[in-house]
Amino acid sequence: MPYYINLSPDNPLSRLLAAGVGVLVLVGAVFFGLIVLAFVLGAGLLLSLGLWIRARFARQRGGSRAETPGPGRVRGNDGEIIEAEYTVISKRRD
């Protein structure tokens, strides 16, 4: 004889109460998820805004990548680019 697990109550009032509690738990979970989503989106927005402001100020100070000298070129204190040749003596492997 198989044994079946019947979790639904027989009393109609108990069924109604269980359904009400289930709906309340489901609505609470949705609202909690929305609150967590709002916090995550807000943190992402603040982080992206901070990075955008940082990049904006870096460009104004002249720290953009397009203006950095290439290999063998060094920017002097007065902004002049000094070109030089060099030889690699040893390469350190990490």
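The rules behind each value
- The residue numbers shown here count from 1 along each chain, following its written sequence.
- Residues qualify for local features only when their pLDDT is at least 70, as the model is predicted, and side-chain atom pairs are given and counted only at 80 or more; totals for whole chains, interfaces and linings, by contrast, use all residues.
- Heavy atoms from the whole structure form the basis of all side-chain values; hydrogens and water molecules are not counted.
- Under the DSSP-based scheme used, a helix requires at least four consecutive residues in state H or I and a strand at least two consecutive residues in state E, with every element numbered from the N terminus.
- Using a 1.4 Å probe on the protein chains alone, a residue whose accessible area is under 20% of its type maximum counts as buried, one over 50% counts as exposed, and one in between counts as partly exposed.
- Here the open area of atoms and residues is found with the Shrake-Rupley method and a 1.4 Å probe, where only the protein chains shown may cover a residue.
- Each patch is built from residues lacking any salt bridge and having more than 30% relative accessible area; the joining distance is 9 Å for like charges and 5 Å for nonpolar side chains (Val, Leu, Ile, Met, Phe, Trp, Tyr).
- Salt bridges, as used here, are contacts in which a Lys or Arg side-chain nitrogen is within 4 Å of a carboxyl oxygen on Asp or Glu.
- Here, expected helix span is obtained from the residue count minus one, scaled by 1.5 Å.
- Residues adjacent in sequence count toward polar contacts only when both atoms are side-chain atoms; beyond that, a polar contact is any pair of N or O atoms within 3.5 Å, and within protein one must be able to donate a hydrogen and the other to accept it.
- What pLDDT reports is the predictor's confidence in each residue, on a scale of 0 through 100.

Chemist: I keep staring at the overall build of the chain and nothing clicks. Help me out?
Modeler: Across its full length, the chain holds one helix and two strands. Per-residue burial for the chain yields a buried fraction of 2% across its 94 residues. Accessible surface, the chain as shown: approximately 9,400 Å² in total, 65% of it carbon and sulfur.

Chemist: How should I be thinking about a nonpolar patch on the surface in this particular structure?
Modeler: Taken together, the side chains of V23, L26, V27, V30, F31, L34, L37 and L41 make up a nonpolar region of the molecular surface, amounting to roughly 770 Å² of accessible area. Summarising the element assignment, L41 is placed in helix α1 (residues 12-60).

Chemist: Help me out: how do you make sense of α1 in this one?
Modeler: Helical geometry note: an α-helix holds 3.6 residues per turn, so side chains three or four residues apart project in the same direction. With 49 residues, α1 extends 72 Å from end C-alpha to end C-alpha; this agrees with the ideal 72 Å at 1.5 Å per step. Capping the start of α1, N11 holds a side-chain oxygen 3.3 Å from the backbone nitrogen of L13, two or three residues further along.

Chemist: I tried to follow the confidence of the model for the chain on my own but got confused; where do I start?
Modeler: A low pLDDT means the predicted coordinates there should not be read in detail. When pLDDT is averaged along the chain, the result is 81, and 76% of the positions lie at 70 or above. Confidence scores differ between elements of the chain, with strand β1 (residues 73-75) showing the lowest mean pLDDT of 57 and α1 the highest of 94.

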